[in-house]
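Fold and contact review
For reference, the chains in residue letters:
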Amino acid sequence: MIQAQQVSTQPQAAVASARVRWGTRAAFVALLATSLLVPQLKNSFWTYPAVPNPWVLAPFCALFLLAVIDLSHPWQLLHLDLLVLLSFVMALAFWSASSFLPLLFIDAPLVYLGARMAMVARVGSSGRRRSTVVSHQLVLSRRWLLVGIAVLAVVHASWTLSAAVNTDVGEASVRGAMKIAHGQPVYGVDRPLVSNLGYDPHFDTYGPVVYEAYVPFATIASSTLAARLATLFFDLLTAALLFALGRKVRGPTAGVTLAYCWLAFPFTLYAGGLASNDSLVAAALVATLLVAQSPARRGAMVAVAALSKLSPLALVPLLAGHDLPARGRRAPLLRFLAAFALVSAALFLPALAHGGAGDFLARTFGFQAGREPAYSIWELLGGDAFTHTAAWVKDSARVLHGLLVAITVGAGVALLWLPRRQDAIGLAGASAALLMAIQLCNGYYTFTYTLWFAPLVLVALILSRHQATTVSALGSEVSTSGASSPTTARSSIRTPRVPGRYTPGSTVTTLPIISGSSEAVRDSRGASWISSPTP
């Protein structure tokens, strides 16, 4: 009787699943069409960073969630994490520099996501441990996401190239690039500009990589168009790098999902409309993850990231201590440091060819250190702009800010030797947590800064969705990934199916054979393994 009831419910479940699947696809098509029709963000230079029509970002929030939610298991921590990542839109919608509510929508998500990324990276605990395989069924297949990528790329190009607002970020980047192209000093007071404007705009506060990266665009287009072309290029480059990283770690479906989520993330469109240069930082950080297995390449790429917006300098200890062997740690560490030093020196040459290091330090680190708080909780609590704030509140805020800076600096240095997960997911999680801690300490905040940690959060969350750890027949731990059978609950001992040995370092994928009985594992060299029966 019970068996008959179970059989009779199977067609009903299949029909319900089909309805959900086709309903989601219909919503996906409707949202893509809406994304092509909604008006662009009406950015205003005078109301920056607020926008008067943040509602136009709602379709992109929905498109972002459709790619990663599992409707069969809605109550997942992954879904909460992604909702918190999108909650920065609420701060933009209710933005007011003199109100506590939007600042709460900034700092609370930073604290939560920072803690979650530290948990994903397993900071302070052994990076190698067994974990449960999570079955995750997506309604949208890879082909549907590829269509979404094509449509969203068109939207990005339209919003970026046709926006009407020009901020000083893109202008500063292009102006520095033109100085390099004409052999002029990049860093130092631009007296003709100061005389014309009546104040010092500090267009030279970025690292040399920003100005050097904008040189090709500044030489082929006008100032405004060059800034927008550069923003669009680095935006799409980040999507391509995310695809390459996801494909390398988890396969093409994961790569397509990462690229799609980046293009659907609302603040990539927000940054594009402002012609921001923060997508350059995102591209450099994702490229660092992509080459993280090589100490020399890792050191070279983190030099590029660190000399763009300077905050990624805090990641140097973390990346220096990544995946060092138990014995012979000195050689890879020296390769990392040598590559970092050589690439940094090469990047400084064009920018400092007609200037000195003193001007660079004064105009970058010196200016940022003495900058008045703006658009942050520290402006509300301790800034001089709010005279109604009690004196004891300002003093307490300064003490709290100093403690937070000290803790962040100590954590950044300690990550050189703290145990953690030693793979791309762990590195992305630890890097994102540290960057968010820096943004909590930073007195100046803008919503384009979310592009620094957003790709790292996506990598840590999406690529760990199917993560499992198995033990090979030789006793060494092997990382497995990919969609698994719903009955697969935990890893088990593998025994060889064909003669041969498993080669450490080869790629392993899980292949379900018979539900409830066994599963096979095949490495990249063709050797197969059969697991013991799963419970």
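Residues numbered from 1 in each chain as written. Predicted model: local features only at pLDDT ≥ 70, side-chain atom pairs only at ≥ 80, totals over all residues. Heavy atoms only, no water.

1. Focus on the nonpolar core
Core analysis: the largest hydrophobic core is formed by 113 residues, its most contacted members being F64 and Y260. With twelve residues, the single largest contributor to this core is helix α22 (residues 450-463). Apart from residues lying up to four places away in sequence, Y260 is in contact with F28, L63, F64, A67, L145, G148, I149 and L152. Counting residues in hydrophobic clusters, the runner-up holds 30 residues, among them I180, L193, A213 and A351. (Core = buried A, V, L, I, M, F, W, Y, C linked by side-chain atoms within 4.5 Å. Buried < 20%, exposed > 50% of the residue type's maximum accessible area, 1.4 Å probe, protein only. Helix = DSSP H or I, 4+ residues; strand = E, 2+ residues; numbered from the N terminus. Contact = heavy atoms within 4.5 Å.)

2. Points about the packing of aromatic side chains
A full pass over the atoms with the stated rule returns 23 aromatic pairs. Judged by centre distance (5.8 Å) and plane angle (55°), the ring pair of F265 and F267 falls under tilted. The burial state of F265 is the same as that of F267; both residues are buried. Members of the aromatic cluster, each reached through a chain of ring pairs, are F64, F265, F267, Y270, Y444, Y445, F447, Y449 and W452. Sitting over the ring of Y444, R371 keeps its end group 3.9 Å from the ring centre. (Phe/Tyr/Trp six-rings, centres within 6.5 Å; stacked < 30°, edge-to-face > 60°. Lys NZ or Arg CZ within 6 Å of the ring centre and 35° of its normal.)

3. Thoughts on the pattern of salt bridges
Taken as a whole and judged by the stated rule, the model has seven salt bridges. A salt bridge links K309 to D278, with the shortest nitrogen-to-oxygen separation between them at 2.8 Å. One end of the pair, K309, is in helix α15 (residues 295-309); the other, D278, is in helix α14 (residues 278-290), and 31 residues separate them in sequence. Residue K309 shares its accessibility class with D278, and that shared class is buried. Via salt bridges that share partners, D200, D204 and R363 belong to a single interconnected network. (Salt bridge = Lys/Arg side-chain N within 4 Å of Asp/Glu carboxyl O.)

4. So, the confidence of the model for the protein chain
Overall, the prediction assigns the protein chain a mean pLDDT of 80, with 78% of residues at 70 or greater. No element of the protein chain has a lower mean pLDDT than strand β6 (residues 528-531), at 32, and none a higher one than α14, at 96. Taken as a whole, residues 129-135 scores under 50 in pLDDT and shows 21 contacts with residues more than four places along the chain or in a different chain. Residue range residues 468-535 is modelled with pLDDT below 50. Its contacts to residues more than four positions away, or to other chains, number 126 contacts. (pLDDT = per-residue confidence, 0-100.)

5. Side note on the packing of helix α11 (residues 223-249) against α14
For the pair α11 and α14, interaxial distance at closest approach is 8 Å and the crossing angle is 20°. On the basis of their axis angle, the class for α11 and α14 is roughly parallel. The way α11 lies across α14 gives a crossing that is left-handed. In contact with T231, F234, D235, L237, T238, L241, L242, A244, L245 and K248 of α11, α14 contributes S279, L280, A282, A283, V286, A287, L289 and L290. (Axes fitted to C-alpha atoms, helices over the stretch in contact; angles between N-to-C directions. Parallel < 35°, antiparallel > 145°, perpendicular 65-115°, else oblique. Left-handed = near helix turned anticlockwise from the far one by under 90°.)

6. Section: the environment of L416
In this fold, L416 is placed in the loop between α20 (391-414) and α21 (424-441). For L416 and V316, which are 100 residues apart along the polypeptide, the C-alpha to C-alpha distance reads 8.5 Å. Aside from chain neighbours lying at most four places away, what touches L416 is P317, A320 and G321.

7. So, a nonpolar patch on the surface
A cluster of nonpolar residues, M90, F94, F100, L101 and L104, forms a patch on the protein surface that exposes about 460 Å² of accessible area. Examining the composition of the nonpolar patch, we find that three residues originate from one element, helix α5 (residues 100-121), more than from any other. Tracing the backbone through its elements, the reader meets L104 in helix α5. (Patch = residues over 30% accessible without salt bridge, like charges linked within 9 Å, V, L, I, M, F, W, Y side chains within 5 Å. Areas by Shrake-Rupley, 256 points an atom, 1.4 Å probe, with all protein chains shown as cover.)

8. Some remarks on unusual backbone geometry
Backbone geometry places H202, a non-glycine residue, at a positive phi of 55°. Look at A275: it is not a glycine, yet its phi comes out positive at around 55°. In this fold, A275 is placed in the loop between α13 (266-273) and α14. Of the residues examined, A275 reaches a relative accessible area of 5% and is grouped as buried.

9. What to know about the packing of α5 against α21
Between α5 and α21, the shortest axis-to-axis distance is 8 Å and the interhelical angle comes to 155°. For the element pair α5 / α21, the angle class is roughly antiparallel. Crossing hand, α5 versus α21: left-handed. Contact with α5, carried on its side by D107, L110, V111, L113, G114, M117, A118, V120 and A121, involves I425, G426, G429, A430, A432, A433, M436, Q439 and L440 of α21 and no other residues of that element. When its residues are assigned to classes, the contact of α5 with α21 shows 13 nonpolar, four polar and one charged. (Nonpolar A, V, L, I, M, F, W, Y, C, P; charged D, E, K, R; others polar.)

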